[in-house]
Amino acid sequence: MSFESAIYQWQQGERRLKASPAERASLLERVIDALVAELRRRLGGRFSTEELVNLYDGGTSWCLQVAMKQAPEDPWAWEAGVVVDAAFARYLREAADYAGGRRTLSEA
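Since the structure is predicted, the reported quantities are computational estimates derived from the model, not experimental observations.

This brings us to the overall build of the chain. The helix and strand inventory of the chain stands at five helices and two strands. Listing every helix and strand of the chain by position from the N terminus yields α-α-α-α-α-β-β. In terms of overall size, the chain behaves like a compact globule, its C-alpha atoms giving a radius of gyration of 14 Å where 108 residues would be expected to give roughly 13 Å. When the backbone C-alpha atoms are referred to their principal axes, the chain occupies close to 50 × 25 × 20 Å. Considering the chain as a whole, with its 108 residues, one finds that 43% of them fall into the buried category. Within the chain, contacts between residues separated by at least 24 positions form 79% of all contacts whose residues are at least 6 apart in sequence. Accessible surface, the chain: about 6400 Å² in total, of which carbon and sulfur atoms supply 48%. The average position of the 14 basic charges and that of the 16 acidic charges among the side chains of the chain differ by 3 Å.

So, in structure tokens, the structure goes:
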């Protein structure tokens, strides 16, 4: 998967999150926070956009387990197109090669 495809999906997740009913926001944020914490555990402190894309491309079935643990009675809070994509979008901002809303490419 290309970076451009991944970031498009992640940005769509953020848009879906913003469009969610206000009464669902708190629980969705809790699920996303848990997913970001798991991303941090899996990728560590310093990571690249390529590593994040590779993790996403490798499969996100593990995300369902995290979401279910946070909201066992609310299956709407497990929607990957919202919580998973929004979590990846949020974690992308911490990538070593991402700044100012875009990927920075080193000149080597």
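Evaluation of the coordinates by the stated rule reveals five aromatic pairs. Considering the side-chain rings of Phe 47 and Tyr 91, the 4.4 Å spacing of their centres and the 10° angle between planes classify their relative orientation as stacked. Separated by 44 residues along the polypeptide, Phe 47 in the loop between α2 (25-43) and α3 (49-57) and Tyr 91 in helix α5 (residues 83-92) bring together distant segments of the chain. Assessed through its relative accessible area of 2%, Phe 47 is described here as buried. For Tyr 91, a relative accessible area of 0% corresponds to the buried category. One aromatic cluster is present, formed by Trp 10, Tyr 56 and Phe 88 through successive ring pairs. Lying across the ring of Trp 76, Arg 24 places its NZ or CZ 4.3 Å from the centre. Positioned over the ring face of Trp 62 is Arg 42, at 4.0 Å from the centre of the ring.

Let us now look at the packing of α2 against α5. Look at α2 against α5: their axes get within 9 Å of each other, and the N-to-C directions meet at 55°. As far as their axial angle goes, α5 and α2 are oblique. Between α2 and α5 lies a crossing of right-handed hand. Each of Leu 28, Glu 29, Val 31, Ile 32, Asp 33, Leu 35, Val 36, Leu 39, Arg 40 and Leu 43 in α2 lies in contact with α5, whose residues at this interface are Val 83, Val 84, Ala 86, Ala 87, Phe 88, Arg 90 and Tyr 91. Of the residues belonging to the contact of α2 with α5, the class tally is 13 nonpolar, no polar and four charged.

Further remarks concern α3. Taken residue by residue, α3 has Thr 49, Leu 52, Val 53, Leu 55 and Tyr 56 as its buried positions. Along α3, the residues classed as buried sweep out an arc of 160° about the axis, all on the same side. Where α3 ends, the next residue or the one after it, Gly 59, has phi of about 120°, a positive value.

This next bit is on the nonpolar core. If you look at the biggest cluster of nonpolar residues, it comprises 36 residues, and the most contacted ones within it are Trp 10, Leu 35, Leu 52 and Phe 88. Of all the elements in the fold, those that place two or more residues in this core are α1 (3-19), α2, α3, α4 (61-70) and α5. It is α2 that provides the largest number of residues to this core, a total of nine residues. In this structure, Trp 10 is in contact with Leu 52, Val 53, Tyr 56, Asp 85, Ala 86, Phe 88, Ala 89 and Leu 92, ignoring residues within four places of it in sequence.

The rules we used
- Residues numbered from 1 in each chain as written.
- Predicted model: local features only at pLDDT ≥ 70, side-chain atom pairs only at ≥ 80, totals over all residues.
- Heavy atoms only, no water.
- Helix = DSSP H or I, 4+ residues; strand = E, 2+ residues; numbered from the N terminus.
- Rg over C-alpha atoms; globule rule 2.2 N^0.38 Å.
- Buried < 20%, exposed > 50% of the residue type's maximum accessible area, 1.4 Å probe, protein only.
- Contact = heavy atoms within 4.5 Å.
- Areas by Shrake-Rupley, 256 points an atom, 1.4 Å probe, with all protein chains shown as cover.
- Lys, Arg positive; Asp, Glu negative; His and termini not counted.
- Charge placed at Lys NZ, Arg CZ, Asp CG, Glu CD.
- Phe/Tyr/Trp six-rings, centres within 6.5 Å; stacked < 30°, edge-to-face > 60°.
- Lys NZ or Arg CZ within 6 Å of the ring centre and 35° of its normal.
- Axes fitted to C-alpha atoms, helices over the stretch in contact; angles between N-to-C directions.
- Parallel < 35°, antiparallel > 145°, perpendicular 65-115°, else oblique.
- Left-handed = near helix turned anticlockwise from the far one by under 90°.
- Nonpolar A, V, L, I, M, F, W, Y, C, P; charged D, E, K, R; others polar.
- Arc of directions from axis to C-beta.
- Core = buried A, V, L, I, M, F, W, Y, C linked by side-chain atoms within 4.5 Å.

Interpretation in functional terms is not warranted from these geometric data alone.
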